[in-house]
Every structure is written in structure tokens, then in C-alpha cells.
Amino acid sequence: MFILGIWNPFLCQRSFLLAVLLAVSLGEEAAETGNDVRPNFILMMVDDLGIGDIGCFGNDTIRTPNIDRLAREGVKLTQHIAAAPLCTPSRAAFMTGRYALRSGLGSRGRVQVVLFLGGSGGLPQSEITFAKLLQRQGYSTGIVGKWHLGVSCESREDHCHHPNQHGFDYFYGLPFTLFNDCKPGEGKEILVDFERALRDLNVLAALSMATLVIVRVCGLLKVSLKVVFLLAALGLLGFAVWHIPFAHIQRWNCIIMRNQEVVEQPINLTTLMQRLIGEAEQFVERNQHKPFLLFLSLVHVHTPLFISEGFAGKSRHGLYGDNVEEMDWMVGRMVDVVERLGLAQKTLMYFTSDHGGHVEIANTQGHLGGWNGIYKGGKAMGGWEGGIRVPGVFRWTGRLPAGRVIDEPTSLMDLYPTLVTLAGGQLPQDRVLDGHDLMPLMEGRVQRSKHEFMFHYCGVYLNAVRWHPPDSDAIFKAHLFTPNFSPKGAEGCYNIKVCQCHEGFVTHHHPPLLFDLARDPSETSPLSPDTEPRYAEVLRRVAEAVEVHRRTLVPVPDQLTWEQVLWKPWLQPCCGTFPFCSCSEANSTAGQVR
């Protein structure tokens, strides 16, 4: 006989708390005894890699045997899509499983990424990364390499945007990214025209000041000393505003941090690769007996290209090819450490790029950016496939079928729910997530992607919409606007080097340019009512989906305004006494070529 007692809310609360504590305790015990069945995760993301640079995605001239092996032994995604065509917004979406504008990291103007470590913009503390959720599940979490999502908000000590505040127990690498300014002799890259304008104003001010002094000394005109001193003070202030941020960008931006400590300023590129791979290997070795997440965020193959002695001149594609082959060797090192420690059957390994290759970048020796294969466009070019279609490779020995190829649309944002679900965590219920769990698709339990619609942003502007109809194999993409290529006839923004998203740099299309990527992956032949029977239906369904999607957007603080991105001395990370920031890390041999 069952007796129905009186419901006691306090007893229920206590029972729930005990259940949670028991689950955590059992998880910790399982980790300590080595019986934890939850997988480890090693996520490897390359910077600016073109999908056409990899052997398993069609390249037959650059050697990538280690990445090709992962694809043979695992699952290859051929329509793996970045949420943005540039570093900062793409990585924000990857980390949060949400389009970047939901985090305030969509640009409204020319500043499309974090520009200074001394700026106050970055990934907001309100965002919940997959690392934070795995950390709550007892995972050891680490990131080695590039961050590029901000550091501090109000003081250089608050580290509000730092990886340690976003779920990573350990961070070693570049809180910023690589820019030409980081490599002596490569020239300048950050706001070059703005710096030139400030410099010219300072030169004019200095000439005016000198003329005024000469006129007063010669007695040609009576000028008050107060006016002279005031103009001199303004001139010195203007010089400081120009010279201090821009003349020392290498020192301000090109640094290495271990957790929240600056250990090298400015960065030494000659030993960077060895140190990064050494740190990644050591993280796996330290955490081999408990569940871990390692995000190896490679600085290859972003310019300025740098190369280790063992790889220089070895490829058939110059310095860029050498970089790709060195990057592949680093991937091989990660595979080796996993297999050496007997972790292959409990480790999900993932390889991708943050967006497509940079097609406009070159020097006197030739092209320095990636190759995007048959796909049109590249880095920063909004919704064109070349800027957002990236390699997607997963390997989990014994769990994922070897050699599976999936042609369904997937997203970098899908990593978020995939990792959290496999780790036994709960997805946040208080926010919109834009990614979907990939395991049912990769294991063959379902045949179609959950992404019926995908929205391609350039900054905060909706650039294109992809529709994969449930009743068809077609994959339609409607471009609402496209970047204005320059010079005329080119397929890139060669005159300005990086395409922009805002008015004056784009052409809006009414009706949208429509392609079927299943038949025309290169986006060369726009559809019309004469060539596509479903033309009107597709545009109608896309318009309806856009309206539904826009209702999910809520206003958030903009992280990429001029106020947020420009350099503030009180936010600048520094080793030593500011502004005399300087230190070098002892060279490590842990990652030497062998």
C-alpha cells in the first residue's frame, strides 16, 4: 500500500540538492578511478585557412597527410559554415553557439574585429561559452594559441574578457592575433590611413607652431606667449595621441600571456610554433587521467607568415605552402600524443578554420593568402562561399564511422551543443542557441541537418540566407547584398585589401541574387523565374524565415564601436612598469621538430 504524504517544498529542495551533489561526487570519483566514459575534446582551429588548401578537400599540391588521415579515420563535413567571414565574430559564434551580433560583436562600420589589446570591447561576461559549461561538468579546460576576443573592461587587472573568465582553466598564447605589425619589416596594418592622417595633422601643427614662433621673434606680428604655450601644449598632446598608440603597436598588441600574466612582450616569432605545440602536448599529458577540453587555436596561416627552419622552402607554394605544411605537422603532433597516451578511443578530435582564405593579400613574391577552391570570394566577403565554407573534420576512434562524408549544411556553432551534450551538461535555457548537436548526423542516426535555414552576416548586416528545403536536395542561397569588388572585374576588394559591409561598399539586390549551391557551388549563375520553377516560393520562404529570425534578436551593448576598440593606456596588458613594457620568455624546446 502506498501512502500519499504531505508535500514539503523544503524536503524536495534538499532532496534535489543531495541528488546534484551525489552526481557531482560520482563524476569526480569516476574521473579519479579512470572509469569516466565522457570523451576528451581536442579542437584545432586554423586562422585564415582556405578550404582548398587541404588534400582531403581537393588540393593535390600541398601536403597535408595528418589532416587527410583524420578525415580517412573519421567524418568529413563538406558544407561546414563559419558564422562570419572574419576572426573576432566567427570565434565569438564558435564559443557561444550563437550568431556574433547576439554578443554585440557584429560591426556597423569599418572596424570589424578587436583592434587593440588596450581596448575595452570583447566577449561579454554575460555569454556562456562551451568551455564554461564543460568546466562546470568537471572538465579541465585549456586554450593554447590565439584568443582575439578582448582582455579587459575598466582596468588592466579586471580581465573581464579574458579566457580565464570564460571557462578556460588554462591559457597560453596570444590574447590578440598576428598582424603585420608583429613582424619587423612587414609594415603596418592597423588603421594605417587613420595613423597617416594623425601624423599629417601633427606635421602641419608643428610647421604652424614654428612659423608662429619665427613671426613673433622677428617682430612681424605680436603674438601672446600664452597663445604660443597653449598651441605647443596642444601640439604635444596631438603628437602623443598619434605616436604612443601607433608607433608601438608591436609592443602593445603582439604579446604572449600565460593565464593573466604577460610572459613575453613583444612576441618572438622564431620560437612561437615550438612553444605552442609544446604547451598543447603538455596540457594533454597533465590531464590524461581526467576529462579535458583543449582548444588549440593555431596562429598559422594568418599573415605575417613565419616559418620554422625545418619547413622553409619545402612546399611547392612558397611561404604560404610552407606554413600549411608546418600547420599539418602540428596537427600530426596532437594525433601522436593522443595515441601515445592511449586516448584515441576516448578523444573527439576536430579540425577546422575560423573562415576562408584571404584572397587579396600578396607581396612582391606573390600571393600570401589561402586558396578557397571552387568557391567564390574569401575572407571578409560576407556571404560568398569562399569566405565562410571551411574544412570540417571529426575523428573519434571506435565511435564515429571511418570515411563518412556528409554533404549537409553544418555550422561552427554546432560544436557548442555537441560538446555540452557529450559532456553530460545542460544547454542554457535563457537564450537563443543557433547551433545543433552534430552527433546524430555524424553517427548516421539521421540523414538531414537540422539547419533548414542559415543566416550569413557581414557585421550586423544580414548578408545572405541559405535554405535547405525538407522536401528537396537543393540548397538555395539568397544574397541580399554583395561587396563591391575593386578594381572592376576583380573578384575581391583589392583596392582596400579587406571588403567592408556598410553603405558605400556594397550593392543591395532587389530581388536578392539567388543560387542553388547543390548545382552551382561556385555561385556563377544566378537563378531566375525562367531557370528555377520554385523561384518565387524560395524568395517568399526566405523572407518569412528572416522575419522569424529577426524576432529572436534583442538589443545588446555594441562591443566594436570606436570607443570600445581604440587604445586606452590604463587597459594595456604589460610586463614591467607601464609604459616600459618588455620581457622575453625562455625558449622552450618542448615543441621542436623531430
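Just so you know, these numbers come straight off a predicted model, no measurement behind them. (Residues numbered from 1 in each chain as written. Predicted model: local features only at pLDDT ≥ 70, side-chain atom pairs only at ≥ 80, totals over all residues. Heavy atoms only, no water.)

Visitor: Looking at this structure, how should I read the pattern of salt bridges?
Guide: A side chain of one charge can pair with a side chain of the opposite charge when the charged atoms of the two come close. Counted under the stated rule, the structure contains 36 salt bridges. Between Glu-73 and Arg-69 there is a salt bridge; the shortest N-O distance is 2.9 Å. Judged by its relative accessible area of 23%, Arg-69 is partly exposed. Residues Arg-540 and Glu-544 are paired through a salt bridge, measuring 3.3 Å at the closest nitrogen-oxygen approach. In this pair, Arg-540 and Glu-544 both sit in helix 13 (residues 535–550), four residues apart, roughly one turn of the helix. For Arg-540, a relative accessible area of 45% gives the class partly exposed. What emerges from the salt-bridge pattern is a single network uniting Arg-258, Glu-264, Arg-275, Glu-279 and Glu-585. (Salt bridge = Lys/Arg side-chain N within 4 Å of Asp/Glu carboxyl O. Buried < 20%, exposed > 50% of the residue type's maximum accessible area, 1.4 Å probe, protein only. Helix = DSSP H or I, 4+ residues; strand = E, 2+ residues; numbered from the N terminus.)

Visitor: Sorry, what's going on with the packing of aromatic side chains here?
Guide: The geometry of an aromatic ring pair comes down to the distance between the two centres and the angle between the two planes. Evaluated as defined, the whole model comprises 19 aromatic pairs. Where Phe-41 meets Tyr-139, the ring centres are 5.7 Å apart and the plane angle is 20°; that geometry is what we call stacked. Here Phe-41 is found in strand 1 (residues 40–46), whereas its partner Tyr-139 is found in the loop between helix 4 (130–136) and strand 3 (140–146), with 98 residues between them in sequence. Like Tyr-139, Phe-41 is buried. Both rings, one in Phe-94 and one in Tyr-350, keep their centres 6.5 Å apart while their planes meet at 15°; by these two values the pair is stacked. You can see Phe-94 sitting in helix 3 (residues 87–96) and its partner Tyr-350 sitting in strand 8 (residues 347–353), a full 256 residues away along the chain. Among the aromatic residues, those joined into a cluster by ring pairs are Phe-94, Phe-130, Phe-295, Tyr-350, Phe-394 and Tyr-416. The cationic tip of Lys-76 hangs over the ring face of Phe-57; the distance from NZ or CZ to the ring centre is 5.2 Å. The ring of Tyr-170 has Arg-286 lying over it, and the distance from NZ or CZ to the ring centre is 5.0 Å. (Phe/Tyr/Trp six-rings, centres within 6.5 Å; stacked < 30°, edge-to-face > 60°. Lys NZ or Arg CZ within 6 Å of the ring centre and 35° of its normal.)

Visitor: Is there a simple way to think about the UniProt feature "transmembrane region" (unreviewed entry) in the protein in this case?
Guide: Under the UniProt annotation, "transmembrane region" (unreviewed entry) lies at residues 201–221 and 228–249. In residues 201–221, the share of helix is 81% and the share of strand is 0%. The end C-alpha atoms are 24 Å apart. When the span residues 228–249 is considered, its composition is 95% helix and 0% strand, and the gap between its end C-alpha atoms is 32 Å. (UniProt positions renumbered as here; feature names shortened; annotations may be inferred.)

Visitor: Looking at this structure, I do not really get the packing of helix 5 (residues 192–217) against helix 6 (residues 225–247). What am I missing?
Guide: In helix packing, the relevant descriptors are the interaxial angle and the interaxial distance, both defined with respect to the helix axes. Two elements in contact, helix 5 and helix 6, have axes whose closest approach is 10 Å; the angle formed by their N-to-C orientations is 160°. Relative to helix 6, the element helix 5 is oriented roughly antiparallel. As for the relative orientation of helix 5 and helix 6, their crossing is left-handed in sense. Residue-level inspection shows Phe-194, Glu-195, Leu-198, Arg-199, Asn-202, Met-209, Leu-212, Val-213 and Arg-216 of helix 5 in contact with helix 6, the latter providing Leu-225, Val-228, Leu-231, Ala-232, Gly-235, Gly-238, Phe-239, Val-241, Trp-242 and Phe-246. (Axes fitted to C-alpha atoms, helices over the stretch in contact; angles between N-to-C directions. Parallel < 35°, antiparallel > 145°, perpendicular 65-115°, else oblique. Left-handed = near helix turned anticlockwise from the far one by under 90°. Contact = heavy atoms within 4.5 Å.)

Visitor: Explanation requested: the state of the cysteines in the structure shown.
Guide: Linking two cysteines covalently through their sulfur atoms gives a disulfide. One pass over the structure, following the stated rule, counts six disulfides. Between the sulfur of Cys-182 and that of Cys-254 lies a disulfide, 2.0 Å long from S to S. With the S-S dihedral at roughly -80°, the linkage between Cys-182 and Cys-254 falls on the left-handed side. Note that Cys-182 is positioned in the loop between strand 4 (170–174) and helix 5 and Cys-254 in the loop between helix 7 (249–253) and strand 5 (256–258), a separation of 72 residues in sequence. Take Cys-182: its relative accessible area is 1%, and that puts it in the buried class. Across a sulfur-sulfur distance of 2.0 Å, Cys-493 and Cys-499 are joined as a disulfide pair. Since a negative S-S torsion denotes a left-handed disulfide, the Cys-493-Cys-499 link at about 95° is right-handed. The pair Cys-493 / Cys-499 is uniform in exposure class, with both members buried. For the protein, numbering the cysteines in disulfides from first to last along the sequence yields the connectivity 1-2, 3-4, 5-8, 6-7, 9-11, 10-12. Not engaged in a disulfide, the cysteine Cys-87 finds its nearest cysteine sulfur in Cys-182; these two sulfurs lie 12 Å apart. The exposure class of Cys-87 is buried, given its relative accessible area of 4%. (Disulfide = S-S within 2.5 Å.)

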